[in-house]
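# Architecture at a glance
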Amino acid sequence: GFIGGHNAMMALYGAGHGHCEKAWNTLHEALERMNAVAAEYKKRYSLNYAILATPAEGLSGRFTKLDRKRFGIIAGVNDRDYYVNSFHIDVAEPISIEEKIAKEAPFHALTLGGHITYVELDGEAKKNVRVILKIVRAMHQAGVGYGSINHPVDTCKQCGYKGVIYDKCPVCSSDQIARLRRITGYLTGTLDGWNSAKQAEERDRIKHT
Ligand SMILES: [Zn+2]
């Protein structure tokens, strides 16, 4: 498995693979090489080797800490509390839904151990079924193996109101809000249970349009 494809491209080119073609080609070539090694090992040892697009919940904070100690702080590379998930476009980089799918989908065929591509929508997404259908179709056509559409769901613990809640419940004004978000491949009941690196990543995530 691997994390921080984006961060590695920042180190090499000063730009991520979301908008820099050279960076995209390099990252893609690296994955082709890794996949070829896995394929060779599979044959040689008759074991099911595969490349995993690692979500690295527990690792993303640990690696940046270790790397900062060893290499110092490098802007855009290890200056945040987390490394970006596998081949994902930087969570903080503005990119359209179409572009994100087009840039990430080709990596799915090279990461047969597991992968995910998600887009972050705002809380109004569920009111627009046509858009959801369009995104699912685009993911399917691009070769996304596991696609996900994330949108925030907040629940007031006092009165049960569900929706996007900013500071206080619009119904009962309670500030006891459970925030359901996707860490990576799965959902959690509340952000409180995330580790600090993943909480930092969630704060940086931008919505895609
Ligand atoms: Zn309420």
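Residues numbered from 1 in each chain as written. Predicted model: local features only at pLDDT ≥ 70, side-chain atom pairs only at ≥ 80, totals over all residues. Heavy atoms only, no water.

What follows concerns the pattern of salt bridges. If you walk through the whole model with that rule in mind, you get 7 salt bridges. Between Arg205 and Glu120 there is a salt bridge, with the nearest N and O atoms lying 3.2 Å from each other. Here the residue Arg205 occupies a position in the segment after helix 6 (196–204), and Glu120 occupies one in strand 1 (residues 117–120), the gap between them amounting to 85 residues. Across this residue pair, the class does not change: Arg205 and Glu120 are buried. Between Arg179 and Asp154 there is a salt bridge, and its shortest N-O distance comes to 3.3 Å. One end of the pair, Arg179, is in strand 5 (residues 177–182); the other, Asp154, is in strand 3 (residues 153–156), and 25 residues separate them in sequence. (Salt bridge = Lys/Arg side-chain N within 4 Å of Asp/Glu carboxyl O. Helix = DSSP H or I, 4+ residues; strand = E, 2+ residues; numbered from the N terminus. Buried < 20%, exposed > 50% of the residue type's maximum accessible area, 1.4 Å probe, protein only.)

Mapped onto the elements of the fold, Glu104 is located in helix 4 (residues 97–108). The exposure class of Glu104 is buried, given its relative accessible area of 0%. Side chain to side chain, Glu104 and Lys100 meet in a polar contact 2.9 Å long. Setting aside residues no more than four positions away along its own chain, Glu104 makes contact with Phe87, His88, Ile89, Ile116, Thr117 and Tyr118. (Polar contact = N/O pair within 3.5 Å; in protein donor to acceptor, adjacent residues only side chain to side chain. Contact = heavy atoms within 4.5 Å.)

Among the nonpolar cores identified, the biggest contains 13 residues, and Phe2, Leu27, Leu31, Ile51, Phe87 and Phe107 are the most heavily contacted of them. Tallying contributions element by element places helix 2 (residues 21–45) first for this core, with 5 residues. When near neighbours in sequence (up to four residues on either side) are disregarded, Phe2 contacts Leu31, Met34, Ile51, Leu52, Ala53, Thr54, Ser86, Phe87 and Thr111. Counting residues in each nonpolar core, the second largest holds 9 residues, with Ala105, Leu121, Ile135 and Val144 among its members. (Core = buried A, V, L, I, M, F, W, Y, C linked by side-chain atoms within 4.5 Å.)

Every protein donor of the zinc ion is accounted for by Cys156 (SG), Cys159 (SG), Cys169 (SG) and Cys172 (SG), and the metal-donor separations fall at 2.3 Å. Each of the 4 donor atoms around the zinc ion contributes to a set of angles spanning 101 to 115 degrees, which defines the coordination as tetrahedral. Residue Cys159 is classed as partly exposed on the basis of its relative accessible area of 40%. (Donors = N, O, S within 2.8 Å, 3.2 Å for Na, K, Ca; no water. Tetrahedral: all angles 85-135°; square planar, octahedral: opposite > 155°, others 65-115°.)

A few words on empty space enclosed by the protein. For the coordinates displayed, the defined rule picks out 2 cavities of 30 Å³ or more. The space that makes up the largest cavity amounts to roughly 60 Å³. As for the largest cavity, its lining consists of His88, Ile89, Asp90, Val91, Lys100, Tyr118, Glu120, Arg205, Ile206 and His208. Looking at side-chain class alone, the lining of the largest cavity contains 4 nonpolar, 2 polar and 4 charged residues. Roughly 50 Å³ of volume is contained in the second largest cavity. Residues that form the lining of the second largest cavity fall into these classes: 3 nonpolar, 4 polar and 3 charged. (1 Å grid on protein atoms, 1.4 Å probe; cavity = no way out; pocket = protein on both sides within 12 Å on 5 of 7 lines; lining within 4 Å. Points joined across faces, edges and corners; volume = space filled by probe spheres on them. Nonpolar A, V, L, I, M, F, W, Y, C, P; charged D, E, K, R; others polar.)

On inspection of all chains with the given rule, the structure shows 5 aromatic pairs. Residues Trp24 and Phe107 carry aromatic rings whose centres are separated by 5.5 Å and whose planes lie at 65 degrees to one another, so their mutual orientation is edge-to-face. Here the residue Trp24 occupies a position in helix 2, and Phe107 occupies one in helix 4, the gap between them amounting to 83 residues. We note that Trp24, like Phe107, is buried. Where Tyr41 meets Tyr49, the ring centres are 5.4 Å apart and the plane angle is 80 degrees; that geometry is what we call edge-to-face. Its relative accessible area of 32% is what places Tyr41 among the partly exposed residues. (Phe/Tyr/Trp six-rings, centres within 6.5 Å; stacked < 30°, edge-to-face > 60°.)

With that out of the way, let us pick up the confidence of the model for the protein. Here the protein shows a mean pLDDT of 87. Residues at 70 or above account for 89%. Strand 6 (residues 187–188) is the least confidently modelled element of the protein, averaging 54 in pLDDT, while helix 4 averages 97, the highest of any element. (pLDDT = per-residue confidence, 0-100.)

With that settled, the discussion passes to the pairing of strand 3. Regular strands place side chains that alternate from one sheet face to the opposite one. Note: strand 3 against strand 4 (residues 162–163), 2 bridges, orientation antiparallel. Across the sheet, Asp154 pairs through a bridge with Gly163, a residue of strand 4. The turn linking strand 3 back onto strand 4 is made up of 5 residues, and Gly160 within it adopts a positive phi angle of 85 degrees. (Pairing = 2+ DSSP bridges.)

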